[in-house]
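If you want the building blocks of each chain, they are given just below.
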2 protein chains.
Amino acid sequence: MKGLGATGGAGVVYGAMSAIGLAPAAAAAAFRPPAMGDLVGQAPGHHRVVVLGAGPAGLAAAYELGKAGYDVTVLEARTRPGGRVWSIRGGTEETDLNGETQRATFSEGHFFNMGATRIPQSHVTLDYCRELGVELQPFGNQNANTLVNYAGDTPLSKTSVTYREAKSDTYGYVAELLHKATSRGALDDVLSADDKAALAEFLTDLGDLSSDGRYLGSTRRGYAGEPGAGTDYGTQLPPYGMSDVIRSGLGRNFAFDFEYDQATIMMTPVGGMDRIYQAFTDRIGAERVRFGAEVTAVRNTPDGVTVEFREGGRPQSITADHVICTLPPHLVPRLDHNLPADVVAALGSAGRTSSGKLGIEYSRRWWETDQRIYGGASNTDKDIAQIMFPYDHFHADRGIVVGYYNTGPRHQAFESLTHRQRLAKALTEGAEIHGDVYRDGVTASFSGSWARTRFSESAWATWDQHSPEYRLLLQPVGRIWFTGDHLSNAIAWQHGALTSARAVVTAVHRRVAGAN
Amino acid sequence: MKGLGATGGAGVVYGAMSAIGLAPAAAAAAFRPPAMGDLVGQAPGHHRVVVLGAGPAGLAAAYELGKAGYDVTVLEARTRPGGRVWSIRGGTEETDLNGETQRATFSEGHFFNMGATRIPQSHVTLDYCRELGVELQPFGNQNANTLVNYAGDTPLSKTSVTYREAKSDTYGYVAELLHKATSRGALDDVLSADDKAALAEFLTDLGDLSSDGRYLGSTRRGYAGEPGAGTDYGTQLPPYGMSDVIRSGLGRNFAFDFEYDQATIMMTPVGGMDRIYQAFTDRIGAERVRFGAEVTAVRNTPDGVTVEFREGGRPQSITADHVICTLPPHLVPRLDHNLPADVVAALGSAGRTSSGKLGIEYSRRWWETDQRIYGGASNTDKDIAQIMFPYDHFHADRGIVVGYYNTGPRHQAFESLTHRQRLAKALTEGAEIHGDVYRDGVTASFSGSWARTRFSESAWATWDQHSPEYRLLLQPVGRIWFTGDHLSNAIAWQHGALTSARAVVTAVHRRVAGAN
């Protein structure tokens, strides 16, 4: 089975698995890292590659090329690896493009991930965690005990409802309605008698319906008073009304967890997502990753590429046989370059996104003790969009809640504010969802906005991956190769950056080895 | 808020929370542990309580009484704490009532929980973990990448389908059908125009429907070939047919995770569920918990209770002011006792359950590398019922899969078999779901059947908690008090045992303090 995968690619594996009745999750396309032996006799000598950026794409490219003995240098403007994979801990300091400097004072061991925070099971990111020895744990991506809270014109407007109540009532009424419709014969042209019988059985289970097909509430909603000893039977609360539930849109976020990339179980490294890129850096060799090296120019020359950069205030330059450029597309044209106009236009066609997070450390894990929430997120149509609860340090004396993770206009409502103003707005909106406890015992906080973060200036690229511009950038310009999640079908995911790096590494290696 | 809860009980908390728009998960009913000071001046002197059984109920009772200075002795027939909370590790040895002795040879650090394995967020079990310093982690209770496989008369019979495919197709067609019915006006008597508009919006999202309300498949199902770099767009696979999906009952297990006690996020102690009872034992004081002490008699006397037991082959006896009996109800009448006939009959009225598990250690975590499964369970209508994947040791060189966890007739298909036969049957059925890899690299295994396990002889009790028999046993017989999850509304959950222990501790303490 493994052999088939290695030689024939993922499609072959699937065909073979189908034959024995298996349809597992997709695995990443076959990738063979370049090997020392590939160059022997074909392209002897020294092959220098300079990688611009020590984010996921840059570090993966340097790591993979290093396996074949390439002389790789990574230039990174920041003083840390990971790029938009950025775990905020006590001591993290950053001056944003608004001109404000924040310094995080979170307690020892606590952190939050400003960027990437979860990994789908199918993503190649997990394979790198295995290869690099990065310890993993589950990331809670849905929780029956977190809350939804939406404004509207029903009695449920701006009311906090647990996901378990919202799901029970929404699925209950949906099941009741479809059961009723089929009982009336309204779908007899599309459903056979056998279909209807099987569907009725499913709907009864889906909605916890009564024997006559009605949703009358359910223990799934939870209780006022936990069932326990003796005659503590638990008091079941009545469901919300059907029209209120439907018109309030309590179920508007249920499908989040159905999405291919967001379905439970999600994974994350123990101790912060940036652990992956610390591990990459260690493997590549710290001496090959130059931090604080801000690239200012990149130019194809007749027999190579010249890169200019500023390190410790001092202008420097380096030449290479190839350059792998992982910078955000909209930042590349700002370099001193000799790229053709159509490439510059293509780079500029990538849309930018506003997004960011705010981490709030509390002196007490009230979400666990008072509200029985052990991870996952609450969802709202307020500007904060969601509140994400920590997936680690359960039962510790403190913890960090992500007070918002939002995009577009809802993030823009925060990004021009000072940190103090962001925190105040987030606490106000959070308290409207989780109660007054949300304002109490805040011991530290830190916020970030990718559009206002130096060297990023956007959370992720948006464009059509079938467009001519996108396709143009998949080709090298002379000896300059573009790479990053923006050049993948997993934009904003580490998987996109990592697979893009693998693709470029494969192409560079083929070029060097003379295969194309 | 906390003050309200302590004085007025959970109901009051709920009322107050509703007023600010909160409806959090239920918390356990207020419990005040007995305190030293309660007895001062009221019941001075020495108060001896003997607890029969060192499972969750017994240890919690001993622990709570210990807080008030009671002289507590726990008698436990087994050589370990926890009762049906039993984590199987290398070195675990057990002779079952079939007469077979197994000795587990699992690798260092690996284990599986033969009994309780997951904790709902609302359960008081978590509060004890916090109080006792037992480290927690999430337990994956659903996974989009695990499989369903059911027999039937459709083309999907005995085919392995991922939960993500099953959910996408099932919800897709359910959404399409209800959308169609409402579009036809079939529910106009129960849905207003506003209801219909809101419902259509929800259904489109629920089912990933096309603009004309049809389910045509979805990226939610997954891909053949993971989307990745450049033009690796991922190949979407077509959905299964509507009638096949409905008639195959692919969705028959979706509601499992909607249940109050099974909804994500579930928690579990790091390193095995029995860590909780090791911690209880440590706190109570190992000298007060006598292992290998098998109770043979319990008798009310005019001024106390006499307990006879066998320890190291030697008959012994102990007297106490009160006895808390946590033995399974059906085993109590076997003791030498002077209980009244109605109590004996009530004890005997508890139904018994067949259930158990089989742990299989593999030399390779094929479920992660080959099938991208990081926890959760596959579901089937074969006898094995489900296959549970480990929630820890991700990416280790080996791991333990639970090859079945089943109850009733499907467990009975295993319980009379030898361990070797059980393993063979489990591997055969498992391979029909997960492929031939399921048979490869098995390095160790261990199985247990609670109905065939000494000192249990049943997985859990079944009865009507409103019956006169159940209610009778909530009352003490002289100075003998019955306790356990069987005397709760959370049977088979640690929460039931723990709340039952708290209730009896409160009642014993009131009696001793002269309050009733």
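Fair warning: this is a prediction, and the values are worked out from it, not measured in the lab. (Residues numbered from 1 in each chain as written. Chains lettered and ligands numbered in written order. Predicted model: local features only at pLDDT ≥ 70, side-chain atom pairs only at ≥ 80, totals over all residues. Heavy atoms only, no water.)

Asker: Help me out: how do you make sense of the overall build of chain A in this one?
Answerer: Within chain A, the regular secondary structure consists of 15 helices and 25 strands. For chain A, the C-alpha radius of gyration of 26 Å lies close to 24 Å, the compact-globule estimate for 516 residues. For chain A, the spread of C-alpha atoms along the three principal axes comes to 80 × 60 × 45 Å. In chain A, which comprises 516 residues, the share counted as buried stands at 62%. Nonlocal contacts in chain A, meaning residues at least 24 apart in sequence, comprise 68% of its contacts between residues at least 6 apart. Total accessible area computed for chain A in this model is approximately 18,300 Å², and 49% of it derives from carbon and sulfur atoms. The averaged location of the 56 negative side-chain charges in chain A is 4 Å from the averaged location of its 49 positive side-chain charges. (Helix = DSSP H or I, 4+ residues; strand = E, 2+ residues; numbered from the N terminus. Rg over C-alpha atoms; globule rule 2.2 N^0.38 Å. Buried < 20%, exposed > 50% of the residue type's maximum accessible area, 1.4 Å probe, protein only. Contact = heavy atoms within 4.5 Å. Areas by Shrake-Rupley, 256 points an atom, 1.4 Å probe, with all protein chains shown as cover. Lys, Arg positive; Asp, Glu negative; His and termini not counted. Charge placed at Lys NZ, Arg CZ, Asp CG, Glu CD.)

Asker: Explain the sheet that holds strand β8 (residues 136–139) of chain A here, please?
Answerer: Within a sheet, each strand pairs with its neighbour through backbone hydrogen bonds, oriented either parallel or antiparallel. Residue and element names in this part refer to chain A. As summarised here, the arrangement of the 3 strands in space is β7-β13-β8, forming an open sheet in which the pairing is antiparallel. If you trace the sheet from one side to the other, it starts and ends with β7 (119–120) and β8, each paired once. Strand direction decides the pairing type here: β7 and strand β13 (residues 266–269), joined by 2 bridges, are antiparallel. From the neighbouring strand, Pro-120 faces β13, where its bridge partner is Met-266. (Pairing = 2+ DSSP bridges.)

Asker: Help me understand the side chain of A:Asp169 in this model?
Answerer: Within the secondary structure layout, A:Asp169 lies in helix α6 (residues 163–183). Residues contacting A:Asp169, with those up to four places away along its chain left out, are A:Tyr215, A:Arg221, A:Pro239, A:Tyr240 and A:Val245.

Asker: Explanation requested: the relation of the copies chain B and chain A in the structure shown.
Answerer: Two copies of one chain are present, and they are related through a rotation about an axis combined with an axial shift. With an axial shift of 0.0 Å and an RMSD of 0.0 Å, the rotation relating chain B to chain A amounts to 180°. Expressed as an axis order, the relation between the two copies is that of a two-fold axis. Of every C-alpha in chain B, the one belonging to B:Leu178 sits nearest the axis of rotation, 2.7 Å from it. Looking at chain B, 100% of its interface residues are interface residues in chain A too, so the copies touch through the same face. (Least-squares fit on C-alpha atoms with pLDDT ≥ 70 in both.)

Asker: Could you clarify how one ought to interpret the interface of chain B and chain A in this entry?
Answerer: When the parts come together, some accessible area is lost, and that loss is often what is quoted as the size of the interface. Counting residues at the interface gives 110 residues for chain B, matched by 110 residues for chain A. Counting every contact that joins chain B to chain A gives 8 salt bridges. Its salt-bridge partner being A:Arg247, residue B:Asp195 comes within 3.6 Å of it at the nearest N-O pair. The interface formed by chain B and chain A holds 48 residue pairs in polar contact (both at pLDDT 80 or more) in total. (Salt bridge = Lys/Arg side-chain N within 4 Å of Asp/Glu carboxyl O. Polar contact = N/O pair within 3.5 Å; in protein donor to acceptor, adjacent residues only side chain to side chain.)

Asker: What exactly am I supposed to notice about the pairing of strand β1 (residues 48–52) of chain B here?
Answerer: On any regular strand, side chains alternate: one points to one face of the sheet, the next to the other face. All names here are of chain B. Counting buried residues in β1 gives 4 out of 5 residues, a clear majority hidden from the surface. For the crossover from β1 across helix α4 (residues 56–67) to strand β2 (residues 71–76), the handedness is right-handed. Pairing analysis gives 4 bridges linking β1 to strand β18 (residues 322–325), with the strands arranged parallel. Looking at the pairing, Leu-52 lines up with Cys-325 of β18. (Right-handed = clockwise from strand over helix to strand, strands pointing away.)

Asker: Could you clarify how one ought to interpret the side chain of A:His179 in this entry?
Answerer: One can find A:His179 in helix α6. With residues near it in sequence (within four places) discarded, A:His179 still touches A:Ala200, A:Leu203, A:Thr204, A:Leu209 and A:Gly213.

Asker: I keep staring at the environment of A:Asn406 and nothing clicks. Help me out?
Answerer: Residues and elements named next belong to chain A. Inspection of the secondary structure puts Asn-406 in strand β23 (residues 399–407). According to the relative accessible area criterion, Asn-406 is buried, its value standing at 2%. At 2.8 Å, the side chain of Asn-406 forms a polar contact with the side chain of His-411.

Asker: So what exactly am I meant to see when it comes to the sheet that holds strand β14 (residues 289–291) of chain B here?
Answerer: Residue and element names in this part refer to chain B. One open sheet holds the 5 strands; their spatial order is β14-β2-β1-β18-β25, and the pairing between them is parallel. The open sheet has two edge strands, β14 and β25 (480–482), and neither has a second partner. Across the sheet, the axes of successive neighbouring strands diverge by a mean angle of 20°, strand direction being ignored. (Axes fitted to C-alpha atoms, helices over the stretch in contact; angles between N-to-C directions.)

Asker: Just to check I follow, could you spell out unusual backbone geometry for this structure?
Answerer: Glycine aside, residues mostly have negative phi, and peptide bonds are mostly found in the trans state. Residues and elements named next belong to chain A. Ile-265 follows Thr-264 through a cis peptide bond whose omega is 10°. Residues other than glycine seldom take positive phi values, yet Ala-492 does so here, at roughly 75°. Topologically, Ala-492 is positioned in the loop between β25 (480–482) and α15 (494–512).

Asker: What's the story with helix α6 (residues 163–183) of chain B in this structure? I'm lost.
Answerer: Residues three or four positions apart in an α-helix share a direction because the helix packs 3.6 residues into each turn. All names here are of chain B. Taking 1.5 Å of rise per residue, the 21 residues of α6 would be expected to cover 30 Å, and the 29 Å separating its terminal C-alpha atoms lies within 8% of that figure. Summarising burial for α6: 19 of the 21 residues are buried, a large majority. One or two positions beyond α6, positive phi appears at Gly-185, with a value near 80°. (Expected span 1.5 Å × (residues − 1).)

Asker: Can you help me understand the UniProt feature "domain: Amine oxidase" (unreviewed entry) in chain A in this one?
Answerer: Mapped onto the present numbering, the UniProt feature "domain: Amine oxidase" (unreviewed entry) falls at residues 57–508 of chain A. Its end C-alpha atoms 14 Å apart, residues 57–508 of chain A is made of 29% helix and 24% strand. (UniProt positions renumbered as here; feature names shortened; annotations may be inferred.)

Asker: Looking at this structure, I do not really get helix α7 (residues 193–207) of chain B. What am I missing?
Answerer: Given a rise of 1.5 Å per residue, 15 residues ought to cover 21 Å, and the 21 Å separating the end C-alpha atoms of α7(B) matches this to within 8%. The complete set of buried residues in α7(B) reads B:Asp195, B:Ala198, B:Leu199, B:Phe202, B:Leu203, B:Leu206 and B:Gly207. One side of α7(B) holds all its buried residues, which, seen down the axis, span an arc of 145°. Away from the buried face of α7(B) by more than 90 degrees, exposed residues B:Ala193 and B:Glu201 are located. Those residues of α7(B) that are buried are in contact with α6 and α8 (242–248) of chain A together with α6 of chain B. Directly beyond the C-terminal end of α7(B), a positive phi value near 50° is found at B:Asp208. (Arc of directions from axis to C-beta.)

Asker: Any chance you could explain the pairing of strand β22 (residues 386–389) of chain A here in plain terms?
Answerer: All names here are of chain A. Here β22 shows two buried faces, one formed by Gln-386 and Met-388 and the other by Ile-387 and Phe-389. The pairing of strand β21 (residues 376–380) with β22 spans 4 bridges and is classified as antiparallel. For Ala-377, the partnering residue across the bridge sits in β22 and is Met-388. The antiparallel hairpin formed by β21 and β22 contains 5 residues in its connecting segment, where Ala-385 sits at a positive phi of about 70°.

Asker: Just to check I follow, could you spell out the packing of aromatic side chains for this structure?
Answerer: Any two aromatic rings considered together are summarised by their centre-to-centre distance and by the angle between their planes. In the structure shown here, the tally under the stated rule is 51 aromatic pairs over all chains. When the centroid spacing of 5.1 Å and the interplanar angle of 55° are considered together, the rings of A:Tyr128 and A:Phe280 count as tilted. A residue pair is termed long-range when its members are at least 10 positions apart, and A:Tyr128 in helix α5 (residues 124–132) and A:Phe280 in helix α9 (residues 275–284) qualify at 152 residues. Across the pair, A:Phe280 and A:Tyr128 agree in class, each one buried. Summarising the aromatic geometry, the rings of B:Phe106 and B:Phe112 are spaced 5.9 Å apart at their centres and angled 80° between planes, so their arrangement reads as edge-to-face. Side by side, B:Phe106 and B:Phe112 carry an identical accessibility label, which is buried. Above the plane of the ring of A:Tyr405 lies A:Lys357, whose end atom (NZ or CZ) is 4.7 Å from the centre. Between the NZ or CZ atom of B:Arg89 and the centre of the ring of B:Phe111, over which it lies, the distance is 5.7 Å. (Phe/Tyr/Trp six-rings, centres within 6.5 Å; stacked < 30°, edge-to-face > 60°. Lys NZ or Arg CZ within 6 Å of the ring centre and 35° of its normal.)

Asker: Whenever I open this one, the domain arrangement of chain A confuses me. Can you help?
Answerer: Residues and elements named next belong to chain A. By the assigned domains, chain A splits into domain 1 (2–15 + 163–225 + 233–258), domain 2 (48–83 + 274–352 + 460–513) and domain 3 (88–145 + 264–273 + 354–452). Its C-alpha centre places domain 2 at a distance of 29 Å from the equivalent point of domain 3. At the junction of the two partners, domain 2 supplies 21 residues and domain 3 supplies 24 residues. With both sides pooled, the region where domain 2 packs onto domain 3 buries about 1,900 Å², and carbon together with sulfur makes up 60% of that total. On the domain 2 side of the interface with domain 3, the three residues burying the most area are Arg-275, Ile-276 and Trp-493, jointly 28% of the side's total. Residue Lys-67 pairs with Glu-131 through a salt bridge whose shortest N-O separation is 2.7 Å. (Domains from an automatic or database assignment. Buried area = accessible area lost by both parts, 1.4 Å probe.)

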